[in-house]
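Structural overview
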Amino acid sequence: MGDLLELPTDRLNTFDIMLSLLATYSDYIVGVFEKESGGEAPELGEIDDPPYFDKSYVFPRDYAWVTDENLDSTQHVIQAALEIVFADDLSEEEVQSKVESLIERAQEKGLDIDEQEVWDVIDDRTNEDEEPATYSWVHLNKFRKFELHERCFPWTTEDELRTEVDELPSPTPRPEWEEREGQ
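Structural notes, computed from the coordinates. Note that the coordinates shown come from a computational prediction; the quantities given were computed from them, not determined experimentally.

The volume enclosed by the second largest pocket comes to roughly 160 Å³. As for the second largest pocket, its lining consists of Y63, S73, Q75, H76, E147, C152, F153, P154, W155, E160 and E164. If you list the elements that add at least two residues to the lining of the second largest pocket, you get α3 (74–85) and α7 (158–166). The residue inventory of the lining of the second largest pocket, partitioned by class, reads five nonpolar, three polar and three charged.

The terminal C-alpha atoms of helix α1 (residues 14–25) lie 17 Å apart, and with 12 residues this matches the ideal 16 Å at 1.5 Å per residue to within 8%. Considered for burial, the residues of α1 that qualify are T14, M18, L19 and A23. One face of α1 carries all of its buried residues, which in axial projection span an arc of 150°. Along its buried surface, α1 packs onto β1 (29–33) and α2 (41–47).

Counting buried positions along strand β2 (residues 56–60) yields five of five residues, so the element is predominantly enclosed. A two-sided burial pattern is seen for β2, the buried positions comprising S56, V58 and P60 on one face and Y57 and F59 on the other. Direction of pairing for β1 relative to β2: parallel, over a ladder of five bridges. What sits directly across from V32, in β2, is F59.

Enumeration according to the criterion identifies eight salt bridges in this entry. When the shortest N-O distance is used, the salt bridge between E34 and R61 registers 3.9 Å. Of this pair, E34 sits in the loop between β1 and α2 while R61 sits in the loop between β2 and α3; the two residues are 27 residues apart in sequence, bridging distant segments of the chain. You can call E34 partly exposed: its relative accessible area is 45%.

Calculation rules
- Residues numbered from 1 in each chain as written.
- Predicted model: local features only at pLDDT ≥ 70, side-chain atom pairs only at ≥ 80, totals over all residues.
- Heavy atoms only, no water.
- 1 Å grid on protein atoms, 1.4 Å probe; cavity = no way out; pocket = protein on both sides within 12 Å on 5 of 7 lines; lining within 4 Å.
- Points joined across faces, edges and corners; volume = space filled by probe spheres on them.
- Helix = DSSP H or I, 4+ residues; strand = E, 2+ residues; numbered from the N terminus.
- Nonpolar A, V, L, I, M, F, W, Y, C, P; charged D, E, K, R; others polar.
- Expected span 1.5 Å × (residues − 1).
- Buried < 20%, exposed > 50% of the residue type's maximum accessible area, 1.4 Å probe, protein only.
- Arc of directions from axis to C-beta.
- Contact = heavy atoms within 4.5 Å.
- Pairing = 2+ DSSP bridges.
- Salt bridge = Lys/Arg side-chain N within 4 Å of Asp/Glu carboxyl O.

Next up, the structure:
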């Protein structure tokens, strides 16, 4: 929305009008979230209900609704591990022990996860001193709603984001503009 020209009016809420027009006439609504302070909360609040929810997808960085029952992907384990690593009150030994325990619980659930892969991501993030994104409970609640409807695609690295976006589910039939581009 930041690329659009402002509507020439002082009497109406131009944000609401522009968001409604864009959302109504878009084939997809894709929200990419990197941190809580990005100012995207109003948009997230608009797309999580009809008429926009059915064509909306969210891609939150470092999001995981982590419970032992939800450790069903490498992504979830890495998200949980990052939360452990960046917890302020843990010693190095405690971090090591908790991450190893997390990986062990995931493996016991049948997840084929490589412990070194988890530590590689942790090392990359700690070397860059890049803490995991944090979100308010409002954001987390909205992301969980999208997750329960298989419309939430968490990511940690930009490569993961690109992969997730490439696999974006799409409406059927395909939009006309997509069909024309392939010809």
